[in-house]
Amino acid sequence: MKETSPVDVRLTSVRRAATCNIDVDGEGRVLVTATRQPLGQSFFWHPDKNQPAPDPLPLGDKGIVGDTDAWVALTCDGPTDGFELELGISASVEHIEPGTSRALFARLMAKYLAAAREQTRCGQ
């Protein structure tokens, strides 16, 4: 296993993105992203047409969860400025019991969102 990532997701107007990759046996298995952008710029997700349609995910301002990923977008009132924040988790699911990946991604995203809010000071 090989993991490449920054220490945290403390994003600023200068450090606008953070990515964590987890490779197992040389193959990408998990990708976790955080992206910050100025207020008023929305994030758009284009679901994979080869996958079943995603379900709404009641986290942040809007969110979706699919069989292989979860995405959340929210508007943050930072201590000095506001910004938009997008969080994403995608993973290889061949080792997950069929029919359980959406619930797993939803739980992971809830934990990731809580940590990202704290580190980016979103909502504080």
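What comes next concerns the included structure. Since we're looking at a predicted model, the values are computed, not measured.

1. Focus on the pairing of strand β7 (residues 82–91)
- Of all ten residues in β7, eight are buried, a share of seventy percent or more.
- Here nine bridges tie strand β3 (residues 27–38) to β7, and the two strands are oriented antiparallel to one another. Directly across from Thr-35, in β7, lies its bridge partner Glu-86.
- Looking at chain direction, strand β6 (residues 69–77) and β7 are connected through nine bridges and run antiparallel. For Trp-71, the partnering residue across the bridge sits in β7 and is Gly-88.

2. Let's talk about the nonpolar core
- By size, the foremost hydrophobic cluster in this structure holds 23 residues, and its most contacted members are Leu-57, Val-72, Leu-74, Leu-85, Leu-87, Met-109 and Tyr-112.
- Not counting residues within four places of it along the chain, the set of residues in contact with Leu-87 comprises Thr-33, Ala-34, Ala-70, Trp-71, Val-72, Met-109, Tyr-112, Leu-113 and Ala-116.

Calculation notes
- Residues numbered from 1 in each chain as written.
- Predicted model: local features only at pLDDT ≥ 70, side-chain atom pairs only at ≥ 80, totals over all residues.
- Heavy atoms only, no water.
- Buried < 20%, exposed > 50% of the residue type's maximum accessible area, 1.4 Å probe, protein only.
- Helix = DSSP H or I, 4+ residues; strand = E, 2+ residues; numbered from the N terminus.
- Pairing = 2+ DSSP bridges.
- Core = buried A, V, L, I, M, F, W, Y, C linked by side-chain atoms within 4.5 Å.
- Contact = heavy atoms within 4.5 Å.

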